[in-house]
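Reading the structure
Chain residues, written in single-letter form:
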Amino acid sequence: MFPALKNNISRVEEQLNVLSIDEVLADLSKQFPGQVTFSTSFSFEDQVITHKILSNQLPISIFTLDTGRLFAETYSVWSATNERYHSTIKAFYPDNSLLETFVAEKGPNSFYESVENRKACCYIRKVDPLKRALRNNAIWITGLRAEHSTDRHNMPQVEWDESNGLIKYHPILHWTTEEVKEFINQNNIPYNPLHDKGFVSIGCAPCTRAIKPGEDFRAGRWWWEDNTKKECGLHVHHQASS
């Protein structure tokens, strides 16, 4: 399946030049019925894409990764989103046996102690559940934006995810923060109030803080680590070509 699926990347890339985001999403759902999914963390960006999917009633599944350590505000916007769109966003949770063993051996806050511990925690709480969520899908839609990381400035909008064996599509990769906020306001979309308090990238509560004026977008994530190590393993970028 993988070689045949990878051959569709160039076709999707061509569509980006002539179709709107809404049209691309609709076309993908027709090309790959029941195999297109969107991952949301209920961020500004993800709420934009959720609105496009649900307001257009597109047959694209939406899921979130509930790590067990999310902010209360994240759960609130999750509920508000389901109420607004009459939806049921599916949650994937960490494997309880892996998590219980990890916490018993390392402790509940061991991610502060080393990069290795933090990455192990991220794997159990996010990467492993993600693999289950993506299983049997052909297209993974994300809310990634280039502004959020220097590593994403040259990232293609459509790429092959070797780790999960599917195509990734980043619809609003090149949107500015102002464009995202304007869309949210114009469409009265529920959003996480932490964004109004200086939180840019919102993940687990123990690992996320508001950024200070002039700080990099990623400064609020795992702020105790070196900037070159600030990835959790969810998004591993590969070249789109075979």
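Notes on the structure in this doc start here.

**Examining helix α7 (residues 115-134)**
Three- or four-residue spacings in an α-helix give side chains the same orientation, since the helix completes a turn every 3.6 residues. Along α7, the largest kink reaches about 45° and is centred on Y123. In terms of burial, α7 is a largely internal element, 14 of the 20 residues being buried. Downstream of α7 by one or two residues, N136 has phi in the positive range, about 70°.

**Focus on the packing of aromatic side chains**
Tallied over the entire structure, the rule returns 10 aromatic pairs. Grouping aromatic residues by their ring pairs yields a cluster made of F111, Y112, W223 and W224. The ring centre of W222 lies 4.8 Å from the NZ or CZ of R221, which sits over that ring.

**A few points about the nonpolar core**
If you look at the biggest cluster of nonpolar residues, it comprises 36 residues, and the most contacted ones within it are L25, L28, I53, I60, I139, I141 and Y169. Apart from the residues lying within four places of it in its own chain, the contact partners of I141 are L25, V36, T37, F38, S39, I49, I60, Y169 and P171.

**Section: the pairing of strand β1 (residues 36-39)**
Burial along β1 is two-sided: the face carrying V36 and F38 and the face carrying T37 and S39 are both buried. One ladder, built from 3 bridges, connects β1 with strand β4 (residues 139-141); its direction is parallel. Within the sheet, the bridge partner assigned to F38 lies in β4 and is I141. As judged from the 3 bridges shared by β1 and strand β2 (residues 61-65), these two strands associate in the parallel manner. In the strand pairing of β2, T37 is matched with S61. The parallel pair β1 and β2, bridged by helix α4 (residues 44-55), forms a crossover whose chirality is right-handed.

The rules we used
Residues numbered from 1 in each chain as written. Predicted model: local features only at pLDDT ≥ 70, side-chain atom pairs only at ≥ 80, totals over all residues. Heavy atoms only, no water. Bend = angle between axes of the 7 residues up to and from the residue. Helix = DSSP H or I, 4+ residues; strand = E, 2+ residues; numbered from the N terminus. Buried < 20%, exposed > 50% of the residue type's maximum accessible area, 1.4 Å probe, protein only. Phe/Tyr/Trp six-rings, centres within 6.5 Å; stacked < 30°, edge-to-face > 60°. Lys NZ or Arg CZ within 6 Å of the ring centre and 35° of its normal. Core = buried A, V, L, I, M, F, W, Y, C linked by side-chain atoms within 4.5 Å. Contact = heavy atoms within 4.5 Å. Pairing = 2+ DSSP bridges. Right-handed = clockwise from strand over helix to strand, strands pointing away.

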